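These are the residues of each chain, in order.
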Amino acid sequence: QVQVVESGGGLVQPGGSLRLSCVVSGTFSWLEDMNWFRRAPGKEREMVASITRGDNTFYRGAVKGRFTISRDNALNTVYLNMNNLKPEDTAVYYCNVRSRDSNYKSIDTWGQGTQVTVSA
């Protein structure tokens, strides 16, 4: 079984910064794509950023130039550095990880989410 735990959310003023972390634990052979999603109040969940095992990255347009996704494969951890935060970034942020087990079966795992609130 694979577990995913996010941390690092909180309340920050507009223009401020936060760093989210997501640690993966449990039984798996390797990690593939590691992703950050968010769900704002009254809105659909959306992908924020993604990083492949080979460190190729994707960002949604609204966060390009402000957010940076990175991963540490030795620590089974993915990070999301968020700078110049805006009120519209307020949301619950979720970590999503795709892993493979010893039989090469793909496993998709979600964390519980961490709240990010951007407000003066």
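Heads up: the structure comes first, above all this text.
Residues numbered from 1 in each chain as written. Predicted model: local features only at pLDDT ≥ 70, side-chain atom pairs only at ≥ 80, totals over all residues. Heavy atoms only, no water.

Caption draft 1: Examining the packing of aromatic side chains more closely. Under the criterion given, the structure shown has 2 aromatic pairs. Positioned above the aromatic ring of Phe37, the side-chain terminus of Arg45 is 5.6 Å from the ring centre. (Phe/Tyr/Trp six-rings, centres within 6.5 Å; stacked < 30°, edge-to-face > 60°. Lys NZ or Arg CZ within 6 Å of the ring centre and 35° of its normal.)

Caption draft 2: Main features of the state of the cysteines. Counted by the stated rule, this structure contains 1 disulfide. For Cys22, the disulfide goes to Cys95, at an S-S distance of 2.0 Å. Sign of the S-S torsion, about -80° for the bond between Cys22 and Cys95, identifies this disulfide as left-handed. Of this pair, Cys22 sits in strand 3 (residues 18-26) while Cys95 is found in strand 9 (residues 91-100), placing the two residues 73 residues apart along the sequence. What makes Cys22 buried here is its relative accessible area of 0%. (Disulfide = S-S within 2.5 Å. Helix = DSSP H or I, 4+ residues; strand = E, 2+ residues; numbered from the N terminus. Buried < 20%, exposed > 50% of the residue type's maximum accessible area, 1.4 Å probe, protein only.)

Caption draft 3: Structural detail: unusual backbone geometry. The backbone of Asp55 shows a phi angle near 70°, a positive value even though the residue is not glycine. Here Asp55 shows up in the loop between strand 5 (46-51) and strand 6 (57-59). Its relative accessible area of 47% is what places Asp55 among the partly exposed residues. The phi dihedral of Tyr104 is positive, around 70°, even though this residue is not glycine.

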